[in-house]
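Residue-level listing of the chains:
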Amino acid sequence: HNAAIITTVTHIMPYLDSVGIPRMSASVVATAVPVLSIVGRLGLGWMGDRTGRTSVAVFSYGMMALGTAFCALVPILGVWSLVLFVLLFGIGYGGVTALRPALVRQYFGGAHFGSVFGLVIGINAIGGIVGPPLAGRSYDVFANYWIVWVAIAILATVAAVLVLASRRYGAECRTG
C-alpha cells in the first residue's frame, strides 16, 4: 500500500495543478490527506480491535480505492469529487497503516513477527521508491494522471481482495 500512498502524496499537487485547481486549494488537499489519516489511524484502528481487523482492513482499502477513483474524476465532477477523495483516501490510508502490524501478527503469528514485519515494511519501501517515478513517467508519456489513479485504485482493490482471501494464523494452527 505504500506505493499508493507515497505516489498519491507526491503527485497530488502536480495533478491538481494539471486539472486547473489553484495551488492554495491544492495545498489544502495535500495537507488534509495526512491529517485525515490520523482520524483513520485512531478510528479504524480502534474499530479493527473491536469488530475484526480483516473486515476493517478490507473496508480501509476499499476507501482508498474509491477515494482514488474520485481523485481521477475531479476534472469531470469538480470540487465535490475532490472532497470525497480527501475523506475516503485519507481516512482509508490511516486505517490500513494502523492495522498493518496487527494483521501481520494475526496472519503470521508472533514467533517470527520481526522478520515478517521487516519483510512487509521492506516491500512497502520498494513500492514507495518505485511508485512516484513510475507515476511521473506515466504523466510524461500520456500528459495526464488518469492511468496513475486507475492503477492505484486497482492496487488498493487487489490489496482488499488479498486481505480478505488470506487465512488467519490461529485458524491454520487449529486445523493443521
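Placed above this text is the structure.
Report follows, based on the coordinates. Counting restarts for each chain: residues are numbered from 1 in the order of the written sequence. Side-chain atom pairs in this predicted model are given and counted only at pLDDT of 80 or more, local residue features only at pLDDT of at least 70, and totals for whole chains, interfaces and linings cover all residues. To get the side-chain values, all heavy atoms of the structure are used, and hydrogens and water are removed first.

## Observations regarding the overall build of the protein chain
A tally of helices and strands in the protein chain yields eight helices and zero strands. Secondary structure elements of the protein chain occur, N-terminal to C-terminal, as α-α-α-α-α-α-α-α. Between the two quantities, the radius of gyration covers C-alpha atoms and the globule rule is 2.2 Å times the number of residues to the power 0.38. Taking 16 Å as the expected radius of gyration for a compact globule of 176 residues, we find that the protein chain reaches 17 Å, a close match to that expectation. With the principal axes as the frame, the protein chain shows a C-alpha extent of 55 × 30 × 20 Å. Within the protein chain, the fraction of its 176 residues that count as buried is 41%. Each accessible area is a Shrake-Rupley estimate made with a 1.4 Å probe; only the visible protein chains count as cover when residues are assessed. For the protein chain, the accessible surface area stands at approximately 9,200 Å², while carbon and sulfur atoms represent 71% of it. Per the convention used, a helix needs a DSSP run of H or I reaching at least four residues, while a strand needs a run of E reaching at least two, with both numbered from the N terminus. Partly exposed residues are those whose accessible area sits between 20% and 50% of the maximum for their type, while under 20% is buried and over 50% is exposed, using a 1.4 Å probe and protein chains only.

## Here we look at the nonpolar core
Definition of nonpolar core: a set of buried residues of the types Ala, Val, Leu, Ile, Met, Phe, Trp, Tyr and Cys, connected through side-chain atoms within 4.5 Å. Of all hydrophobic cores here, the largest spans 41 residues; its most connected members are Tyr15, Leu16, Met64, Phe85 and Trp149. With eleven residues, helix α5 (residues 79–108) is the largest single contributor of residues to this core. Here Met64 is in contact with Ala4, Ile5, Leu88, Phe89, Gly92, Tyr93, Val96 and Ala156, once residues within four sequence places are set aside. Any two residues having at least one pair of non-hydrogen atoms within 4.5 Å are treated as being in contact.

## Points about the packing of aromatic side chains
Note on aromatic pairs: the rings of Phe, Tyr and Trp (six-membered ring only in Trp) are paired at centre separations within 6.5 Å, and the planes decide the class, stacked below 30 degrees, edge-to-face beyond 60, tilted for the rest. Taken as a whole and judged by the stated rule, the model has seven aromatic pairs. The interplanar angle of 75° and the centroid separation of 5.2 Å between the aromatic rings of Tyr15 and Trp149 together place this pair among those described as edge-to-face. Here Tyr15 is found in helix α1 (residues 2–18), whereas its partner Trp149 is found in helix α7 (residues 146–165), with 134 residues between them in sequence. For Tyr15, a relative accessible area of 3% translates into the label buried. Owing to a relative accessible area of 1%, Trp149 belongs among the buried residues under this scheme. Between Phe89 and Tyr93 the ring centres are 6.0 Å apart and the planes differ by 55°, which places this aromatic pair in the tilted class. Note that Phe89 and Tyr93 are positioned in helix α5 at a spacing of four residues, about one turn of the helix. An identical accessibility class is assigned to Phe89 and Tyr93; each is buried. Members of the aromatic cluster, joined through ring pairs, are Tyr15, Tyr139, Tyr145 and Trp149.

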